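# Structure at a glance
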Amino acid sequence: HLFGAIRAAMPALDTPLASLIDGRVETYGDALALSARLVHLLVARGVKPGDRVAVQVEKSWPALALYLATVRAGGVYLPLNTAYTLNEVEYFLSDAEPTLFVCPPHMEADARALATRLGVPSIETLGADGTGSLMDGAANLPTDFADVPRGPEDLGGILYTSGTTGRAKGAMLSHDNLLSNALTLKDEWRFTGDDVLLHALPIFHTHGLFVASNIVLLAGAAMVFRAKFDPREALELMAAGKVTSLMGVPTFYTRLLDQPGLTSEATAKMRLFVSGSAPLLAETHRAFFERTGHAILERYGMTETGMNTSNPYDGDRIAGTVGFPLPGISLRVTDPESGRVLPTDDTGMIEVKGPNVFKGYWRMPEKTAAEFRDGFFITGDLGKIDARGYVHIVGRGKDLVITGGFNVYPKEVEGEIDAIPGVAESAVIGVPHPDFGEGVTAVVVKVAGASLTEADIHAALESRLAKFKQPKRVFFMPELPRNTMGKVQKNVLRDTYKDIFR
Ligand code: ATP
Ligand code: MG
C-alpha cells in the first residue's frame, strides 16, 4: 500500500533523490535497487509480513533504504532513538519482540547477548558509513523484489513516543495512517518534483521519517540528506539555491537566527520553512520574519497521529498558533473531565479523529481504550480554537499546575518570565507542596552576562500575574534539559526540584 503509492509516484529512475554529505547523489533507481537487496536479506533472516524490524542506527542513506525495505517486505519498521542506552533498548526489544534488530557495529557484542537473552532471532550491524553485516550481506543480492502486498489497515510502523511525559509507548501505525497523512501534507504544503528539502532531522521520529521522507518520496522530490543540522551549511545551501524548503524543530530556527548571515537575500530562493515537534516561540516566528521575510509555517502533530493541524500555505501563518485541522481531520476541544465540547476560545483537552489516527498502543489495549472518547483520540495536549479557527496549543495536560485548587497554565507564566530583560528562556513546573498540592516553580535561563536574581524575577512578576500564578521559587540553570527533538523535559525538572517545598 504505502510502497505501492511511492512506486506509482516515482519519477524517472535517474532522478536524484538524496544528495549526501560526501557529495554522492542517490537516485530513485538507487533507492529501489538498494531497498530490494535489503528486502532479500530481511526475508532470508526470517522477516515475514507483520514482523517487527527494530533499528537503532545513525542516520544514513542505507538506514533510509532499510525503512523502505521493511515496508516492501510487509514488515513493521521500528526505529529507535540513537540516544537510548542498552538498558532502554532492552525494554523496547522485549516489548516489541522483533524478528531482527539492526544496531551499530560497535554495539554488536552487547546486542547479541541481549538478543540471546530476549529471544530476538537475528542481529545485523550498520554503521554510519554503511559498514557492517547488513550492507555486506545485501551486497550481491538481487536488485528487484516483488513487494509483499499490504492492505490499508496493516501496520507499516511502530514508533515509540518520545517519552517526554513518562515511559515511551509503542504507537501502531497502519499503511493508511502513514500514506493518507503524507499525501495530505504533500498537497497542503505544495511539494512537487521541483522541490529539494533540506532533511536534517533524525529518522527515528515521525517528523523526519514519516513527514519529511514520505512527502519527498510521494512528491518525486529530492533532498539534501544530513545526519545533523548545521546552520552554517544550511545557509550556504539556501543562498546557493540548492534547497527549496526546510523542515525543522524550533531549535533549528533559533540556531539560524544566531547566524549573522541569515538575511532575506540568503533565503530569497527558499519556498517554505516548516516547524514542529515542540512549540515555536511567537518571538522566534517574528524574529525570523523580520530577518528573512519568511513566515515559518508551524504545524502540530504527534507520534500517535502524524500531523493534525497546519498553518495555511496561502493565508496568514499566525505566530503562536498551529493553524487549522488538516483536510479530513476533525479536532475538538473538550472539558477534560466530562468530555463536553467547549466553545470557541475556551481552553481544554485537544481531541482528534481522522484517517491519521493510530491503531492503538502496542500490547496496551486498556491504555488505548482509555485514550479514546467517541472515536476521538485524547491527545493529552491542552489548547483552544480561536474565532478564526486557528488552533492554539497551551501545553500538555500533564504539565498543568494545580495549586490550591487553581489551574495554572505554565505557558502563560513562561511568557511573562521570558519578557523580563535578561531572561533567555524559562520553564514553569508544579512540584509537590504540603499546603497547595503543587507549588508553581520557575526554572530560568539567563542571557549571557545578565545578572538576575530570584528576587528580581519575583519583583518583575508582582504586577503582571495573579498571586496564585506567581512562582513560589525561582531557580537558574545554564540551559534547560531537552531531548533530541528539542522538547523541554519537564519530568526531569520536576524530579530535580521535587523536594524543595518539603
Ligand atoms: P510522550 O507521549 O512519550 O510523553 P511526546 O508526546 O513528546 O512523548 P511525540 O509524539 O514525539 O512524543 O510528541 C508529540 C507532542 O509534541 C505533542 O503531543 C505536543 O505536546 C508536542 N508538539 C508537537 N508539535 C507541536 C507544536 N507545533 N507546538 C506545541 N507542541 C507541539
Ligand atoms: Mg505524547
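Notes on the structure in this doc start here. (Residues numbered from 1 in each chain as written. Chains lettered and ligands numbered in written order. Predicted model: local features only at pLDDT ≥ 70, side-chain atom pairs only at ≥ 80, totals over all residues. Heavy atoms only, no water.)

Below, the discussion takes up the overall build of the protein chain. Looking only at helices and strands, the protein chain features 15 helices and 25 strands. For the protein chain, the residues scored as buried account for 56% of the 502 residues in total. Considering only contacts within the protein chain whose residues lie at least 6 apart along the sequence, 67% involve residues at least 24 apart. In the structure as shown, the protein chain presents an accessible area of about 20100 Å², 53% of it carried by carbon and sulfur atoms. In the protein chain, which carries 50 positive and 59 negative side-chain charges, the distance between the mean positions of the two groups comes to 1 Å. (Helix = DSSP H or I, 4+ residues; strand = E, 2+ residues; numbered from the N terminus. Buried < 20%, exposed > 50% of the residue type's maximum accessible area, 1.4 Å probe, protein only. Contact = heavy atoms within 4.5 Å. Areas by Shrake-Rupley, 256 points an atom, 1.4 Å probe, with all protein chains shown as cover. Lys, Arg positive; Asp, Glu negative; His and termini not counted. Charge placed at Lys NZ, Arg CZ, Asp CG, Glu CD.)

This next bit is on the site of ligand 1. Close to ligand 1 lie 20 residues, the nearest being Ser162, Thr164, Thr165, Thr303 and Asp381. One nitrogen or oxygen atom from the side chain of Thr161 is found 2.6 Å from an oxygen atom belonging to ligand 1. Between Ser162 and ligand 1, the recorded distance is 2.6 Å, taken from a side-chain N or O atom to an oxygen atom. When ligand 1 sits alone it has 630 Å² of accessible area, and the protein chains cover 96% of it. Among the elements that take part in the shell around ligand 1, strand β13 (residues 297-302) stands out by supplying five residues, more than any other. A class-by-class count of the residues in the shell around ligand 1 yields five nonpolar, nine polar and six charged. (Near = heavy atom within 4 Å. Polar contact = N/O pair within 3.5 Å; in protein donor to acceptor, adjacent residues only side chain to side chain. Nonpolar A, V, L, I, M, F, W, Y, C, P; charged D, E, K, R; others polar.)

Counted as a void, the second largest pocket has a volume near 810 Å³. Surrounding the second largest pocket, 40 residues form its lining, Lys59, Pro202, Arg226, Ala227 and Lys228 being those nearest its centre. If you list the elements that add at least two residues to the lining of the second largest pocket, you get α3 (61-72), β4 (76-79) and α10 (250-257). Grouping the amino acids of the lining of the second largest pocket by side-chain chemistry returns 23 nonpolar, seven polar and ten charged. (1 Å grid on protein atoms, 1.4 Å probe; cavity = no way out; pocket = protein on both sides within 12 Å on 5 of 7 lines; lining within 4 Å. Points joined across faces, edges and corners; volume = space filled by probe spheres on them.)

A few words on empty space enclosed by the protein. Taken as a whole and judged by the stated rule, the model has two cavities of 30 Å³ or more. Its boundaries defined by the atoms lining it, the largest cavity holds a volume of some 110 Å³. Lining the largest cavity, in full, are Pro79, Leu80, Asn81, Tyr84, Tyr160, Thr161, Ser162, Phe204, His205, Asn483, Thr484 and Met485. When its volume is computed, the second largest cavity comes out at roughly 90 Å³. The set of elements that each furnish at least two residues to the lining of the second largest cavity consists of α7 (175-188) and α8 (206-219). In terms of residue count, the dominant contributor to the lining of the second largest cavity is α7 (five residues). Looking at side-chain class alone, the lining of the second largest cavity contains six nonpolar, seven polar and no charged residues.

This next bit is on the pairing of strand β7 (residues 155-160). Here β7 lies mainly inside the structure; six of its six residues are buried. In terms of strand pairing, β7 meets strand β8 (residues 170-174) through five bridges, oriented antiparallel. Residue Ile158 lies in a different strand from β8, and its bridge partner there is Met172. (Pairing = 2+ DSSP bridges.)

For sheets, the rule is that strands pair by backbone hydrogen bonds, running either parallel or antiparallel. The sheet built from nine strands is open, its strands ordered β2-β1-β10-β9-β11-β12-β13-β14-β15 with mixed pairing. The two strands at the open ends of the sheet, each matched to only one other strand, are β2 (25-27) and β15 (324-325). Relative to β13, strand β12 (residues 272-275) runs parallel, the two sharing two bridges. Residue pairing across strands places Val274 opposite Leu297, the latter belonging to β13. Here α3 sits on the sheet in contact with β1 (16-19), β2 and β10 (222-225), set at roughly 130° to β10. (Axes fitted to C-alpha atoms, helices over the stretch in contact; angles between N-to-C directions.)

With respect to the element layout, Val488 can be found in the loop between β25 (473-476) and α15 (490-496). As for Val488 and Ala427, which are separated by 61 residues in sequence, their C-alpha atoms are 8.0 Å apart. Ignoring any residue separated from it by four or fewer positions in sequence, one finds Val488 in contact with Thr164, Ala427, Leu480, Pro481, Arg482 and Leu493.

Where helix α13 (residues 410-418) is concerned, the buried positions are Pro410, Val413, Glu414, Glu416, Ile417 and Asp418. For α13, the secondary structure elements touched by its buried residues are β21 (401-403), β22 (406-408), β23 (423-433), β24 (437-446), α14 (454-461) and α15.

Here we come to the packing of aromatic side chains. By convention here, two paired aromatic rings are described through the distance between centres and the angle between planes. Evaluation of the coordinates by the stated rule reveals 17 aromatic pairs. Ring centres of Phe358 and Phe377 lie 5.0 Å apart, and the angle between their planes is 70°; on these two criteria the pair is classed as edge-to-face. Taken together, the residues Phe358 in the loop between β17 (348-353) and α12 (365-370) and Phe377 in strand β19 (residues 376-385) connect sequence positions 19 residues apart. With a relative accessible area of 3%, Phe358 lands in the buried category. Phe377 sits in the buried class, given a relative accessible area of 1%. (Phe/Tyr/Trp six-rings, centres within 6.5 Å; stacked < 30°, edge-to-face > 60°.)

Under the counting rule described, the total for this entry stands at 28 salt bridges. Taking the shortest distance from any N to any O, the salt bridge between Arg494 and Asp399 comes out at 3.0 Å. Here Arg494 is found in helix α15, whereas its partner Asp399 is found in the loop between β20 (391-396) and β21, with 95 residues between them in sequence. The class for Asp399 is buried, based on a relative accessible area of 11%. (Salt bridge = Lys/Arg side-chain N within 4 Å of Asp/Glu carboxyl O.)

In this section: unusual backbone geometry. In this model, Glu97 sits at a positive phi of 45°, which is unusual for a non-glycine residue. Of note, Arg190 is a non-glycine position whose phi angle comes to about 60°, a positive value. With respect to the helices, strands and loops of the structure, Arg190 is situated in the loop between α7 and β9 (196-199).

Limitation: the analysis is restricted to geometry and does not speak to function.
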